[in-house]
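# Summary of the model geometry
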Amino acid sequence: MRYLLFAFVLLVPLAARAQELTVFAAASLTDAMKDVSALWTKAGHQPLRMSFAASSTLAQQIGQGAPVNLFASADEKWMDYLAQKNLIVADTRKDLLGNDLVLVVPADKPVHVTIGPGFDLMGLLGASGRLAVGDPAHVPAGIYAQQALKKLGWWDKVSPRLASAEDVRSALLLVERGEAPAGIVYGTDAAVSKAVMVAGTFPDSSHDPVSYPFAVVKAGDKPEARALLTFLAGPQARAVFVQRGFKVE
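This section reports on the structure supplied with the text.

Conventions used here
Residues numbered from 1 in each chain as written. Predicted model: local features only at pLDDT ≥ 70, side-chain atom pairs only at ≥ 80, totals over all residues. Heavy atoms only, no water. Helix = DSSP H or I, 4+ residues; strand = E, 2+ residues; numbered from the N terminus. Buried < 20%, exposed > 50% of the residue type's maximum accessible area, 1.4 Å probe, protein only. Contact = heavy atoms within 4.5 Å. Areas by Shrake-Rupley, 256 points an atom, 1.4 Å probe, with all protein chains shown as cover. 1 Å grid on protein atoms, 1.4 Å probe; cavity = no way out; pocket = protein on both sides within 12 Å on 5 of 7 lines; lining within 4 Å. Points joined across faces, edges and corners; volume = space filled by probe spheres on them. Nonpolar A, V, L, I, M, F, W, Y, C, P; charged D, E, K, R; others polar. Pairing = 2+ DSSP bridges. Axes fitted to C-alpha atoms, helices over the stretch in contact; angles between N-to-C directions. Salt bridge = Lys/Arg side-chain N within 4 Å of Asp/Glu carboxyl O. Core = buried A, V, L, I, M, F, W, Y, C linked by side-chain atoms within 4.5 Å. Polar contact = N/O pair within 3.5 Å; in protein donor to acceptor, adjacent residues only side chain to side chain.

### Looking at the overall build of the chain
- Scanning the chain for helices and strands turns up 11 helices and 11 strands.
- The dimensions of the chain, computed from C-alpha atoms along their principal axes, are 80 × 40 × 30 Å.
- The buried share among the 249 residues of the chain stands at 48%.
- The long-range share in the chain, meaning contacts at least 24 apart out of those at least 6 apart in sequence, stands at 79%.
- Put simply, the chain shows about 11,800 Å² of open surface, and 56% of that area lies on carbon and sulfur atoms.

Here it is in structure tokens:
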């Protein structure tokens, strides 16, 4: 009897772990997903294991076999990358959120500008200042930033002055620390920082729509993962995303 009880005690945490879900999510989703995770746990589920980074980094990790149940990307490109490799469950893919692309400056050096072709971005950066962005080679926020800078005619001048970061939160940090006089991030990132302010918002016409597709990863497909995706599209999670400044699709 004692051995049976010991075996039962061992099996309980193993069973609980079996229901835990791993979520890979774009860095810009950090605060909102932590809030949603708390609601998910309050509803009686196991806490989510979450990893936040650039969508490109996370997608490549999934491509290399990282054990993940659900992926939330900050652009369509990296979800397409996994779809082309047949690594997501196609019929679970949902575009749940949108965002704004904004120019931020240190809060102690407030500036308000209208972003358009006539705006003097180089003047804002000064003689040697750099523009903090997610790396345009692979980070979605940086890719959107590059699109906007090209559309507005600034790319050729500003590209040698970029401070490229590994993800959008790292770009935000450069401005927070005063290491860059300005940066391009999402509106939701600016909202979580007291050390920066939004100087202006990029016109929607200057870049592709900022879109967040979510999908269940094929290797981690199970009922609980699909239930989580349904929860993320439901009213409780939507309210969190709206409160955090996301556009709800």
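### Remarks on empty space enclosed by the protein
- Scanning the model with the defined rule gives two cavities of 30 Å³ or more in all.
- Empty space within the largest cavity amounts to approximately 60 Å³.
- Lining the largest cavity are 13 residues, and of these Ala 27, Ala 54, Val 139, Pro 140 and Val 168 sit closest to its centre.
- Of the residues that constitute the lining of the largest cavity, the class distribution is 10 nonpolar, two polar and one charged.
- Surrounding the second largest cavity, Ser 28, Leu 29, Asp 31, Ala 32, Arg 169, Thr 188, Asp 189, Val 192, Arg 244 and Phe 246 form its lining.
- Elements represented by at least two residues in the lining of the second largest cavity include exactly α2 (30-42) and α9 (187-191).
- Looking at the lining of the second largest cavity residue by residue, the class counts come to four nonpolar, two polar and four charged.

### Quick word on the sheet that holds strand β9 (residues 196-201)
- On the basis of which strands lie adjacent, the open sheet formed by five strands has the order β7-β6-β8-β5-β9 and mixed pairing. Looking at the sheet topology across the chains shown, the edges are occupied by β7 (162-165) and β9. Taken over all neighbouring pairs, the strand axes of this sheet differ in orientation by 35° on average, direction set aside.
- Lying on the sheet, helix α6 (residues 140-151) is in contact with β5 (101-106), β6 (131-134) and β8 (182-186); it crosses β8 at an angle near 115°.

### With respect to the environment of Asp 75
- Of note, Asp 75 is situated in the loop between β3 (70-72) and α4 (76-84).
- With relative accessibility at 5%, the residue Asp 75 sits in the buried group.
- Taking C-alpha positions, Asp 75 is 7.7 Å from Ser 55, a pair spaced 20 residues apart along the chain.
- Ignoring any residue separated from it by four or fewer positions in sequence, one finds Asp 75 in contact with Pro 140, Ile 143, Tyr 144, Ser 211 and Pro 213.

### Notes on the pattern of salt bridges
- For the structure on display, the rule yields nine salt bridges.
- The partner of Asp 80 in a salt bridge is Arg 93, with the nearest N and O atoms 2.8 Å apart. Pair noted here: Asp 80 is in helix α4 and Arg 93 is in the loop between α4 and β4 (94-99), with a separation of 13 residues, a long-range link.
- A salt bridge links Asp 100 to Lys 247; its shortest N-O distance comes to 2.8 Å. In this pair, Asp 100 is assigned in the loop between β4 and β5 and Lys 247 in strand β11 (residues 247-248), connecting sequence segments 147 residues apart.
- Residue classification places Lys 247 among the partly exposed residues on the basis of a relative accessible area of 35%.

### Structural notes on the nonpolar core
- If you look at the biggest cluster of nonpolar residues, it comprises 72 residues, and the most contacted ones within it are Leu 29, Leu 103, Leu 131, Tyr 212, Phe 214 and Phe 241.
- Residue contacts for Phe 241: discarding those within four places in its chain leaves Leu 29, Ala 32, Met 33, Val 36, Leu 97, Leu 232, Phe 246 and Val 248.
- Listed in part, the 13 residues of the second largest apolar core include Phe 24, Leu 58, Phe 71 and Met 79.

### Here we look at the side chain of Asn 99
- Structurally, Asn 99 can be placed in strand β4.
- A polar contact of 2.8 Å, which involves the side chain of Asn 99, links it to the side chain of Thr 188.
- If near-sequence neighbours (up to four positions away) are discounted, Asn 99 is found in contact with Tyr 186, Gly 187, Thr 188, Val 210, Tyr 212, Phe 246 and Lys 247.

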